[in-house]
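# Fold and contact review
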Amino acid sequence: MEAGPRNKRPVSAVGSPCRHVLLVYNETMNRGWGKIWRSLALLCAVAIVAPCGVSAPVEARSRSDKALIKRMNQHIETLASDEFEGREPGTEGEAKTLRYLGRQWFKIGLVSGTNDPGNEWFAPVVLVAREPASSTARFSRGGDRLYLPEGEALMLTSGKRSLVRDAPLVFVGKGLDTAYSRNGLAGRVAVMLDAGIKDGKRQNALLSAGASAVLTVLDSERTLEQVAARRQRSGYALADDSIGGDLEGFITQNGMDALLKRSRFSVKRLEAMAESQSFTPTALGISASLEATTRETTIRTYNLIGKLPGRQPDKGAVLLVSHWDHFGICAEQPAEDVICNGAVDNASGVAALTEIARQLVRGRMPDRDIYFLATTAEELGLLGAQAFAENPPLPLKQIVAAFNIDSIAMAPHGTPMAIVGRGMTGLDDDILKVANQEKRKILDGDDANEFVRRQDGWALLQHDIPAVMVTSAYGDINRMRRFFETRYHRPNDDLSAKLELGGAAQDVEFHIALVRWFADAQRFVPPEQ
């Protein structure tokens, strides 16, 4: 329910930051966010042992890696514990995660970075989960219904409901020709061979070219059961995104042969036609009525946004990003381990983000504002970062540099760093200057860009935010590949094995220097300025 207008007193008028948190908590109870704010209100319990508003003693800048690693381990052991249930968005695990991180950031000395008095610290993100609900496929020739054995076809949609009625089928071979005319496909169902090609680019191209639906004949090793198992999982999107209406279907070879019975075609003949150099799209003389529906579930989740104000906010801002979410309960009994704890991915990243914030707060006030963003729903498609970019707390053009931190507990001390996103922004030269200043080695080449689309920085790049990931975790690509093959998104990414934080601790120190460099308005002037 939308909140009505309020008269909020400024922090200075209310008193201590703890009293301010209590005021916000009381005002937001009626808005359905009580659970998280109730948790954040526990920050005030800190006043029992140390008065709220009194900074912790300033630690020496020569704090050893050993002490830093100990603090990072403590964060990871908390966030990746079974008590947090894998940090899935929309669950109690999320509430515990945001409660913990919010308390840490508040105690460190950050302020809310949402720049929205109605949603301090926590920026709402509303997701829609869609999973297939029903599938219908009916075919006819010359007005006569054609027999299709049960369980031989599956229709799917990315929207709530998609429907095609009495649309003629046109065979397009393997769907590799991108020169189909819109007039040739409009109002028709494009039928193509699977041909052992597993990506969905062909289907998307045919739909973009005007086809009302795409029907893929499973003429290779892929089975309908395999397609169903893969596509029965929920798909996620931001609730504000327009609901798609694409209609896509799959039919077995036996099912297609049943439809083609008593015609001059068969699947074998279609395969031979598709191999011909003179092949052209061919009408099959069959019409189809196809329908697919989905079930929708709304998930209310949050990005956490903190800020270290600068002296010259008009000079722009530096953004640090790390996703807090993981997959939650990801297996069923009798499996021995049913929780995907996400220790490396990405409790280690938000641990690093928190420790970077701690050191930056203790240093000299920067010129530019520094924002700290812990995103939700990265694992569901970079949706938290996308939500941030679509509803930012500041104009996106003011973000002069963004640095993502993901799966940082990987490399030993002394591992060189790589830039994920190298060559895609105007940041590289200054990053190399900082590396030279800090005596850190950065690998030549762009091998790490193999992974650029798999992290929040990619979502920011799509909105023209200069975003990269500078990390030792990708300093050895083979080590990262082994992680993907053995622990990535599995229950054994947990606390059962000792985490390697030597390189992570160095990366934290490097990011402190990196952010200070880019937050200095004299040292770094964005190209457009």
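Residues numbered from 1 in each chain as written. Predicted model: local features only at pLDDT ≥ 70, side-chain atom pairs only at ≥ 80, totals over all residues. Heavy atoms only, no water.

## A few points about the environment of Ile108
Mapped onto the elements of the fold, Ile108 is located in helix α5 (residues 92-108). A relative accessible area of 12% means that Ile108 is categorised as buried. Residues Ile108 and Leu360, spaced 252 residues apart in sequence, show a C-alpha to C-alpha distance of 9.7 Å. Residue contacts for Ile108: discarding those within four places in its chain leaves Thr354, Ala357, Arg358 and Val361. (Helix = DSSP H or I, 4+ residues; strand = E, 2+ residues; numbered from the N terminus. Buried < 20%, exposed > 50% of the residue type's maximum accessible area, 1.4 Å probe, protein only. Contact = heavy atoms within 4.5 Å.)

## Focus: the packing of aromatic side chains
Overall, the coordinates contain 11 aromatic pairs when judged by the stated rule. A ring pair is formed by Phe122 and Tyr302, whose centres lie 6.3 Å apart and whose planes are at 75°; its orientation type is edge-to-face. Highlighted residues: Phe122 in strand β2 (residues 122-141) and Tyr302 in strand β10 (residues 282-308), separated in sequence by 180 residues. An identical accessibility class is assigned to Phe122 and Tyr302; each is buried. Among the aromatic residues, ring-to-ring pairing joins Phe451, Tyr474, Phe483, Phe484 and Tyr488 into one connected group. (Phe/Tyr/Trp six-rings, centres within 6.5 Å; stacked < 30°, edge-to-face > 60°.)

## Let's talk about the nonpolar core
Ranked by size, the top nonpolar core spans 97 residues in total, and within it Leu320, Phe372, Phe403, Ile431, Val470, Tyr474 and Phe518 carry the most contacts. Sequence-distant contacts of Phe372, defined by excluding residues within four places in its chain, comprise Trp105, Leu110, Leu304, Ile305, Gly306, Lys307, Leu308, Leu320, Leu353, Ala357 and Leu360. Membership of the second largest hydrophobic core comes to 29 residues, among which are Met155, Val189, Leu260 and Ile286. (Core = buried A, V, L, I, M, F, W, Y, C linked by side-chain atoms within 4.5 Å.)

## Some thoughts on the state of the cysteines
As used in these notes, a disulfide is a covalent bond between sulfur atoms, one from each of two cysteines. This structure, assessed with the given rule, holds one disulfide. Disulfide partner of Cys330: Cys340, at an S-S distance of 2.1 Å. What sets the handedness of the Cys330 and Cys340 disulfide is the S-S torsion sign, and at about 90° it is right-handed. With Cys330 in the loop between β12 (328-329) and β13 (339-340) and Cys340 in strand β13, the pair connects residues that are 10 residues apart, well separated along the chain. Of the residues examined, Cys330 reaches a relative accessible area of 32% and is grouped as partly exposed. (Disulfide = S-S within 2.5 Å.)

This is a description of form; function is not addressed.
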